[in-house]
Amino acid sequence: MPQSSVIVAPSLLAADFSKLGDEVAAIERAGADWLHLDIMDGHFVPNISFGPSILKSLRKRTALPFDVHLMIAPADPYLAAFAEAGADHILIHPESGPHPHRSLQAIAALGKKAGLVLNPGTPLAHVAPLIDLLDIILVMSVNPGFGGQKFLRTQLPRIAELRRLIDESGQQIRLEVDGGVDAHTAPLCIEAGADALVAGTAVFGSADYAAAIAAIRGTAHA
Ligand code: DX5
Ligand code: ZN
């Protein structure tokens, strides 16, 4: 079964970069559970975002867990830097190479929660051999690299399949979805078995962050 309450993790990528500290404080006040940080290198994905120095600065402004999504290749040389900068969760793509099992072990050795990210075209077969090392599985519901893309409904049966795998494993693993999540697509993800939702545009593009977060969590009119 999904872990009880649905986690909402606003993605900083959609925030106003001229006032990041204030944006993070605002989403914490608005009820965010985690802060999702998208790290892009212009090589693994065709966009460049920010690195550990931004995390280190923001770490002073919030107690929210930092959910760090590494879209970089290779990832291993940077794991310690992100851990030291304040990451709580470090998530890698298996395609970052050269060896996801080693990367996940390295994240655990740094004392951080480890996650595996599955692109829309990445086979779910990657999960089973690594499941013992996972605290989080993140399903991309867009191609990674940019915010504001349309949610891919083709990912819903994959979320449901991963929910079955997690339940069979008996482990405490969060099932997170990232890309095009808003008040309309969030219920589909939750219905399929997700229990953590990333949302960039739907939160930071809204005039009322608290209302946007509640709408995604499904508690807007509770
Ligand atoms: C895309 C990133 C996402 C992105 C989501 O590569 O991994 O976290 O910020 O943005 P929205 O919610 O706007 O699709
Ligand atoms: Zn992300």
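Residues numbered from 1 in each chain as written. Chains lettered and ligands numbered in written order. Predicted model: local features only at pLDDT ≥ 70, side-chain atom pairs only at ≥ 80, totals over all residues. Heavy atoms only, no water.

Section: the packing of aromatic side chains
Scanning all chains against the criterion turns up two aromatic pairs. Between Phe204 and Tyr209, the ring centres sit 5.4 Å apart and the planes meet at 75°, which makes this aromatic pair edge-to-face. There is no split in this pair, since Phe204 and Tyr209 are both buried. One Lys or Arg, Arg59, reaches over the ring of Phe66 and ends 3.7 Å from the middle of that ring. (Phe/Tyr/Trp six-rings, centres within 6.5 Å; stacked < 30°, edge-to-face > 60°. Buried < 20%, exposed > 50% of the residue type's maximum accessible area, 1.4 Å probe, protein only. Lys NZ or Arg CZ within 6 Å of the ring centre and 35° of its normal.)

Overview of the coordination of the zinc ion (ligand 2)
Listed as protein donors to the zinc ion (ligand 2) are His36 (NE2), Asp38 (OD), His69 (ND1) and Asp178 (OD); their distances from the metal cover 2.0 to 2.3 Å. Summarised as a motif, the one-chain spacing of the donors to the zinc ion (ligand 2) is H-x1-D-x30-H-x108-D. Taken together, the residues span a long stretch of sequence, with His36 in strand S2 (residues 35-40) and Asp178 in strand S7 (residues 174-178) at a distance of 142 residues. In this structure, His36 and Asp178 share a single accessibility class: buried. (Donors = N, O, S within 2.8 Å, 3.2 Å for Na, K, Ca; no water. Helix = DSSP H or I, 4+ residues; strand = E, 2+ residues; numbered from the N terminus.)

Focus: helix H1 (residues 20-29)
Along H1, seven of the ten residues are buried, which leaves the element largely enclosed by surrounding structure. In the core, the buried residues of H1 are packed alongside strand S1 (7-10), S2, helix H2 (52-59), helix H7 (201-204) and helix H8 (209-217). After H1 finishes, the residue Gly31 shows a positive phi value of roughly 105°. (Contact = heavy atoms within 4.5 Å.)

A word on the site of ligand 1
Around ligand 1 sit 20 residues, and of these Asp38, Gly145, Asp178, Gly200 and Thr201 come closest. Note that an oxygen atom of ligand 1 is positioned 2.8 Å from one of the backbone N or O atoms of Gly148. A distance of 2.7 Å separates an oxygen atom of ligand 1 from a polar backbone atom of Gly200. Considering ligand 1 on its own, with 380 Å² of exposed area, one finds that the protein chains cover 98% of that surface. At the level of secondary structure, the elements contributing two or more residues to the shell around ligand 1 comprise S2, strand S3 (66-71) and strand S8 (196-199). A total of three residues in the shell around ligand 1 trace back to one element, the largest contributor, which is S2. For the shell around ligand 1, the class distribution of residues is eight nonpolar, ten polar and two charged. (Near = heavy atom within 4 Å. Polar contact = N/O pair within 3.5 Å; in protein donor to acceptor, adjacent residues only side chain to side chain. Areas by Shrake-Rupley, 256 points an atom, 1.4 Å probe, with all protein chains shown as cover. Nonpolar A, V, L, I, M, F, W, Y, C, P; charged D, E, K, R; others polar.)

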